[in-house]
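The chain contents come next:
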Amino acid sequence: MPRSSPYVIHLSAEEAQELSRLAAKYTLPYFEVQRAKMILMAAQGMGNDAIAARLDTRREVVSLWRKRFFKDRLAGLEERARPGRPRAFPPRTHR
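Because the structure is predicted, anything quoted here is derived from the model rather than measured.

Cut-offs used in this document
Residues numbered from 1 in each chain as written. Predicted model: local features only at pLDDT ≥ 70, side-chain atom pairs only at ≥ 80, totals over all residues. Heavy atoms only, no water. Axes fitted to C-alpha atoms, helices over the stretch in contact; angles between N-to-C directions. Helix = DSSP H or I, 4+ residues; strand = E, 2+ residues; numbered from the N terminus. Left-handed = near helix turned anticlockwise from the far one by under 90°. Contact = heavy atoms within 4.5 Å. Nonpolar A, V, L, I, M, F, W, Y, C, P; charged D, E, K, R; others polar. Salt bridge = Lys/Arg side-chain N within 4 Å of Asp/Glu carboxyl O. Buried < 20%, exposed > 50% of the residue type's maximum accessible area, 1.4 Å probe, protein only.

**Focus: the packing of helix H3 (residues 48-55) against helix H4 (residues 59-72)**
Inference 1: At a minimum axis separation of 8 Å, H3 and H4 run at an interaxial angle of 115 degrees. The two elements H3 and H4 meet at a crossing, and its hand is right-handed. Facing H3, whose interface residues are Asn48, Asp49, Ile51 and Ala52, H4 presents Arg59, Val62, Ser63 and Arg66.
Inference 2: Looking at the contact of H3 with H4 residue by residue, the classes come out as 3 nonpolar, 2 polar and 3 charged.

Okay, structure coming up:
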């Protein structure tokens, strides 16, 4: 039996427009586009399992972003500071 999320997403016109714009941009980082698509699908009433299957990701990932959007709206989809020590060396630029 599929689980239903307690976080039901209802979008305002502005939120729907912004998420549609983000989901259609191919120049944005992949994770930003995926998050926008997840929320748009959730607003259409799709469950986490269905969204995960369609976007080829895990249900837990969809659940996380649905919850963050529910609590913080568009600001919840932004990257947050990660715990731990910052990188000591810059990423490798060439081999």
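Picking up where we left off.
**Considering the pattern of salt bridges**
Side-chain pairing between opposite charges can occur once the charged atoms of the two side chains come close.
Inference 1: Applying the stated criterion across every chain, the model contains 5 salt bridges.
Inference 2: Notably, a salt bridge pairs arginine 73 with glutamate 15, separated by 2.8 Å at the nearest N-O pair. Note that arginine 73 is positioned in the segment after H4 and glutamate 15 in helix H1 (residues 13-24), a separation of 58 residues in sequence.
Inference 3: Residue arginine 73 is classed as partly exposed on the basis of its relative accessible area, which comes to 25%.
Inference 4: Taken together, the salt bridges that share partners define one network made up of Asp49, Arg58, Arg59 and Glu60.

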